[in-house]
Structure formats: C-alpha cells, structure tokens
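Single-letter residue listing:
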Amino acid sequence: MLKYKKKGLLFAAICVFVLILSVLFQVFPENTADGDLPKEVSELVENYMNAYKISTHESVKYMHFENDFEPSAYRETNSRLIDYEIESTKKINDNLYAFTINIKTLTSLRRYGDVYRTAYNFAARIDGKWYYLNGISHVPPDLQENLNPDDYTYDDNENKVNPNDILGALDFSEEETQHYTISPE
C-alpha cells in the first residue's frame, strides 16, 4: 500500500511541476526568436510609449523618419496613446527589431471605435543610437538586411498616403503660403 502512495505522490508532483512550467511559459513568453531584447531597446519602447501617452509632440523625440516632412505631420496629428499590447517581437538583425503591437489611440478611437488596431513598429540603431520607427517606410535601406516587407505591410491601404506623392505637390514658398492670425475674443 505504501508503494502505491509513493507512486501517486510522485505522479501528483510531476503533474504540478508540468502545470507550473506551462503557466510560466504563458506568463513569460520569449520576447524574440533570438532571445531577450537589449536593455536599450526595451527602454526605448517604454520611453516612447510613455511619451506617446502624453502627446505626439513628446513621442517624436524618440523617433526616426526617412524624410523631413513626416515629423511635423506626425506632431500635428495631435493623437495620444490610450493603451497597447505588444503581441510579438522579432530580431531582424543586430540593428533592427520589429514589433507587432495592438494599439489604441485617440485617432483610432475616433475612426474605428473602442478597438485595438494592429501596428508594425520597429526599433533601429542608427549611427549608434536607438530610435523608434512607427512604420516600415522609416527603416533606412542599409538596415533592411533580413527584413521581409510583406511581413510588416498592412492589408488595408485605406487612408494611407505616401508622403512622396504629396511632397512635390506642396509649395512652401513665401508667396504661396497663407498666414493666419488668431486673435483672442
């Protein structure tokens, strides 16, 4: 009888151990295919998200854009982060990490309702410093080794404008620019 109790106790202990391991793997999934994120990347993402909760004017300080037009356009959206969940991370190369993020912003809230939208964002080391990139179009060509653009392209192209399509159409010369003065009432 004692022999059966020992076997039963051993079986129960193994089951509890397997259960604990499965819970741990659910709570602490592996961040990337190649191990943990570098500390600088984790801090960048956290700093960017905290700044984005304040405003686009704050979050743009952590970002890289591939042209001079987009930082000001980004700031002028006046959006703000409401909530986010990082669904997955992937090391593309030593200087580039990709993030699939479920995100909710003031802009998405107005446009789509109270739902999370998928965003493909990146952290890139450019000239020795890490920057946050909010789309594949901001990844510099020299950092695109092992990057498959199809993995980070949105299925719906609704409401997306290629900045190169409008940059040439805009004329910022003094005579073409209208100035407005807002006076307090």
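Summary of the structure given here. This structure is a prediction, so every number in the text was calculated from the model and none was measured. (Residues numbered from 1 in each chain as written. Predicted model: local features only at pLDDT ≥ 70, side-chain atom pairs only at ≥ 80, totals over all residues. Heavy atoms only, no water.)

Located in the positive-phi region is Asn 78, a residue other than glycine, with phi close to 50°. Its place among the elements puts Asn 78 in the loop between helix H4 (69-76) and strand S1 (81-93). Since its relative accessible area comes to 47%, Asn 78 is described here as partly exposed. Here Asp 127, not a glycine, exhibits a phi torsion of approximately 50°, which is positive. Position of Asp 127 among the secondary structure elements: in the loop between strand S3 (117-126) and strand S4 (129-133). (Helix = DSSP H or I, 4+ residues; strand = E, 2+ residues; numbered from the N terminus. Buried < 20%, exposed > 50% of the residue type's maximum accessible area, 1.4 Å probe, protein only.)

If you look at the biggest cluster of nonpolar residues, it comprises 20 residues, and the most contacted ones within it are Val 41, Tyr 48, Met 49, Tyr 74, Phe 99 and Tyr 132. Per element, the largest residue contribution to this core is six residues, and it comes from helix H2 (residues 39-54). The contact partners of Tyr 74, leaving out residues within four places of it in the chain, are Tyr 48, Tyr 52, Thr 56, Ser 59, Val 60, Met 63, Phe 65 and Asn 134. In terms of nonpolar packing, the next biggest core, distinct from the first, is built from twelve residues, Leu 96, Ala 98, Leu 133 and Leu 147 among them. (Core = buried A, V, L, I, M, F, W, Y, C linked by side-chain atoms within 4.5 Å. Contact = heavy atoms within 4.5 Å.)

Time to look at the packing of aromatic side chains. Two descriptors summarise a pair of aromatic rings, namely the distance from one centre to the other and the angle between the planes of the rings. Throughout the structure, instances matching the rule amount to eight aromatic pairs. A ring pair is formed by Tyr 52 and Tyr 74, whose centres lie 6.2 Å apart and whose planes are at 45°; its orientation type is tilted. Of this pair, Tyr 52 sits in helix H2 while Tyr 74 sits in helix H4; the two residues are 22 residues apart in sequence, bridging distant segments of the chain. As far as burial versus exposure is concerned, Tyr 52 and Tyr 74 are alike and both buried. (Phe/Tyr/Trp six-rings, centres within 6.5 Å; stacked < 30°, edge-to-face > 60°.)

A few words on H2. Compared with an ideal rise of 1.5 Å per residue, which puts 16 residues at 22 Å, H2 spans 23 Å between its outermost C-alpha atoms and is within 8% of the ideal. Within H2, the full set of buried residues consists of Val 41, Leu 44, Val 45, Tyr 48, Met 49, Ala 51 and Tyr 52. Take H2 and look down its axis: the buried residues cluster within an arc of 165°, on one side only. Seen from the open side of H2, the exposed residues pointing more than 90 degrees away from its buried face are Lys 39 and Ile 54. On the buried face of H2, the contacting elements are helix H3 (56-59), H4, S1, strand S2 (96-105), S3 and S4. (Expected span 1.5 Å × (residues − 1). Arc of directions from axis to C-beta.)

The next thing to look at is the pattern of salt bridges. Pairs can form between side chains of opposite charge once their charged atoms are near each other. Evaluation of the coordinates by the stated rule reveals four salt bridges. Put simply, Asp 114 and Lys 104 hold a salt bridge, and the shortest N to O gap is 2.7 Å. Here Asp 114, found in the loop between helix H5 (106-112) and S3, pairs with Lys 104, found in strand S2; they are ten residues apart in sequence, far enough to count as distant. (Salt bridge = Lys/Arg side-chain N within 4 Å of Asp/Glu carboxyl O.)

Looking now at the pairing of S1. Pairing geometry for S1 and S2, over ten bridges, is antiparallel. Looking at S2, one finds that Leu 81 is bridged to Thr 105. Here S1 folds back onto S2, and the loop between the two strands holds two residues. (Pairing = 2+ DSSP bridges.)

We now examine the sheet that holds S1. Reading across the sheet, the four strands line up as S1-S2-S3-S4 and stay open at both edges, with antiparallel pairing between neighbours. If you trace the sheet from one side to the other, it starts and ends with S1 and S4, each paired once. Neighbour-to-neighbour, the strand axes of this sheet turn through a mean angle of 25°, independent of strand direction. Where S2 lies against S3, eight bridges are found, and the strand directions are antiparallel. Looking across to S3, one finds that Ala 98 is bridged to Phe 122. Across the sheet, H2 touches S1, S2, S3 and S4, and the angle it forms with S4 is around 45°. (Axes fitted to C-alpha atoms, helices over the stretch in contact; angles between N-to-C directions.)

Coordinates in, geometry out; function isn't part of it.
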